[in-house]
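A look at the structure
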Amino acid sequence: MKILKKFAVLALIVLIILQFFGPEKNVGDVADLKPFLTETNPPASVQASLKVACYDCHSSNTRYPWYSNIEPISYWMAEHVEHGKEELNFSEWSSYSAKRKDHKLEEVIEEIEKGHMPIPSYLWTHDDAKLSEAQIKEIDAWVKEARTFLAIEIEQAK
């Protein structure tokens, strides 16, 4: 029993010390999204869906909830955001080639339709990020339109 108490006290001390450290926050300039929004021209309803369901992990503009300041939760969240940005970062849209943009948009709708995005652990605390069938259809229509313009750009580049 003494060992268990010592372990619990040690674990508590480690958790308290961890509260003074944490990963860097993913807070950028909202203007970083302008090239993406200008080029793909999503309707206001799709912009709203992207804001609540995608941008926290797929841009440089994460909205942090209160519990993100608790260690080790902040490290777990930082890992999710970093992975999301590696897959697709709307804030870096202008650095992508037309072919890569087209592929990323194709993946957006595939992941949403398969129910892989937003990820389930994100939906635990973000009910507003759960996309309805109507929202998915709107996003699908927008993606198809945006990809049409990208196809023209890709063809002209040949």
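Residues numbered from 1 in each chain as written. Predicted model: local features only at pLDDT ≥ 70, side-chain atom pairs only at ≥ 80, totals over all residues. Heavy atoms only, no water.

This brings us to the nonpolar core. By size, the foremost hydrophobic cluster in this structure holds 25 residues, and its most contacted members are F36, L50, F90, L105, I139, W142 and V143. Mapped onto this core, the elements with two or more residues apiece are α3 (44-53), α6 (98-113) and α8 (133-157). The dominant element in this core, judged by the number of residues it contributes, is α8, at 6 residues. With sequence-adjacent residues up to four places away left out, L50 is seen in contact with F36, Y55 and W142. (Core = buried A, V, L, I, M, F, W, Y, C linked by side-chain atoms within 4.5 Å. Buried < 20%, exposed > 50% of the residue type's maximum accessible area, 1.4 Å probe, protein only. Helix = DSSP H or I, 4+ residues; strand = E, 2+ residues; numbered from the N terminus. Contact = heavy atoms within 4.5 Å.)

This part is about helix α5 (residues 73-87). Between the first and last C-alpha of α5 there are 22 Å, a value that for 15 residues agrees with the 21 Å anticipated at 1.5 Å per step. Taken together, the buried positions of α5 are S74, M77, V81 and G84. The arc enclosing the buried residues of α5, seen along the axis, measures out at 90°, which places them on a common side. Opposite the buried face of α5, by more than 90 degrees, sit the exposed residues E79 and E86. Where α5 is buried, its residues meet α4 (55-58). (Expected span 1.5 Å × (residues − 1). Arc of directions from axis to C-beta.)

The values reported here are purely geometric and, on their own, carry no functional implication.
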